[in-house]
Amino acid sequence: MNNKIAKSALVVFSGGQDSTTCLYWAKKHFDEVYALTFRYGQKHVKEVDIAADIAREAGVHHDVMDVSFIGTLGHNSLTDPTMPMDADRPQGGVPNTFVPGRNLFFLSSAAVYARERGIFHLVTGVSQTDFSGYPDCRDSFMKSLNVTLNLSMDEQFSIHTPLMWLDKAQTWALADELGVFYLVRQRTLTCYNGIPGDGCGHCPACKLRRKGLEDFLGVTSDGFN
Ligand code: ZN
């Protein structure tokens, strides 16, 4: 096998905290890194521009793929502007911010895209620890999908999930360890209301991100700026 190809990885990249941390994790572990961003009908398409900027600065290949059918297939509040977002996980169900099939389609599309380029390492920032009730962020799903991708194309893909068992505070610690704490804090977009950096502060994504940051910095809400 060609060494260079074996050392290439493709990162599923949204420009958020988790995937940006994964992008720099991949840069540390692979010689050549590709980042792939999806347009899936998300309300805040500026995340695509933010992803492009971060990828350019990171010096990785970047591409954007349109998979906007995902947003219309399943009804959810991330792609339907008329639906208010669930603030919390409802009892016994998934929040309406769950985009059904998103990671299934993302990883499957990414695998085909990667295979065309001779890349068989896929990196995604999903986490079971803070999975917000999303079933497609769980380790069992990723392992199952990895097998399915291999069988579907008769290849040997490796799905890497460096954040799988980290909570948000540990993800901040990893960004810090990779030397990109400030870049991740200031430039990434995690907020469901489309505000980069520390975000709106009120949506579920901001609350989770902020809680992790406070835990990492060892400060309470009162001392947080
Ligand atoms: Zn927010």
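To start, this report covers the structure provided alongside it.

Reading guide: rules and limits
Residues numbered from 1 in each chain as written. Predicted model: local features only at pLDDT ≥ 70, side-chain atom pairs only at ≥ 80, totals over all residues. Heavy atoms only, no water. Helix = DSSP H or I, 4+ residues; strand = E, 2+ residues; numbered from the N terminus. Buried < 20%, exposed > 50% of the residue type's maximum accessible area, 1.4 Å probe, protein only. Pairing = 2+ DSSP bridges. Right-handed = clockwise from strand over helix to strand, strands pointing away. Donors = N, O, S within 2.8 Å, 3.2 Å for Na, K, Ca; no water. Tetrahedral: all angles 85-135°; square planar, octahedral: opposite > 155°, others 65-115°. Salt bridge = Lys/Arg side-chain N within 4 Å of Asp/Glu carboxyl O. Phe/Tyr/Trp six-rings, centres within 6.5 Å; stacked < 30°, edge-to-face > 60°. Lys NZ or Arg CZ within 6 Å of the ring centre and 35° of its normal.

Attention now goes to unusual backbone geometry. Unlike most non-glycine residues, Asp-154 shows phi in positive territory, near 50 degrees. Within the fold, Asp-154 resides in the loop between helix H6 (139-153) and strand S5 (158-160). With a relative accessible area of 70%, Asp-154 lands in the exposed category.

Moving on to the pairing of strand S3 (residues 61-66). As paired elements, strand S2 (residues 32-39) and S3 share six bridges and run parallel to each other. Bridging from a neighbouring strand, Phe-38 pairs with Met-65 of S3. In this view, the connection linking S2 to its parallel neighbour S3 by way of helix H3 (residues 46-58) has right-handed handedness.

Around the zinc ion, the protein supplies Cys-191 (SG), Cys-200 (SG), Cys-203 (SG) and Cys-206 (SG) as donor atoms, at distances of 2.2 to 2.4 Å. In this structure, the zinc ion is surrounded by four donor atoms whose angles at the metal cover 104 to 117 degrees, and the resulting shape is tetrahedral. Mapping the donors of the zinc ion onto the primary sequence gives the spacing C-x8-C-x2-C-x2-C.

Turning to the pattern of salt bridges, a few remarks are in order. In total, this model carries 10 salt bridges according to the counting rule given. One salt bridge connects Asp-53 with Arg-56, and the closest N-O pair in it is separated by 3.1 Å. Of this pair, Asp-53 and Arg-56 both sit in helix H3, separated by three residues, roughly a single helical turn. With a relative accessible area of 60%, Arg-56 lands in the exposed category. Between Asp-198 and Arg-185 there is a salt bridge, and its shortest N-O distance comes to 3.0 Å. Linking Asp-198 in the loop between helix H8 (181-187) and helix H9 (204-217) with Arg-185 in helix H8, this pair joins segments that are 13 residues apart in sequence. Linked through salt bridges whose partners overlap, the residues forming this network are Arg-115, Glu-116 and Glu-155.

Turning next to the packing of aromatic side chains. In the structure shown here, the tally under the stated rule is eight aromatic pairs. Aromatic side chains Phe-69 and Phe-105 sit 5.2 Å apart centroid to centroid with 80 degrees between the ring planes, which places their arrangement in the edge-to-face category. A residue pair is termed long-range when its members are at least 10 positions apart, and Phe-69 in helix H4 (residues 69-73) and Phe-105 in helix H5 (residues 102-116) qualify at 36 residues. Under the relative-accessibility criterion, Phe-69 is labelled partly exposed at 40%. Pairing Phe-181 with Phe-216 gives two aromatic rings, centres 5.6 Å apart and planes at 45 degrees, and the pair type is tilted. Taken together, the residues Phe-181 in helix H8 and Phe-216 in helix H9 connect sequence positions 35 residues apart. On the basis of relative accessibility, which here comes to 6%, the residue Phe-181 falls in the buried class. Residue class for Phe-216 comes out partly exposed when judged on its relative accessible area of 27%. These aromatic residues form a ring-pair network of at least three members: Trp-172, Phe-181, Tyr-182 and Phe-216. Here the guanidinium or amino end of Arg-117 rests over the ring plane of Tyr-113, the centre of that ring lying 3.6 Å away.

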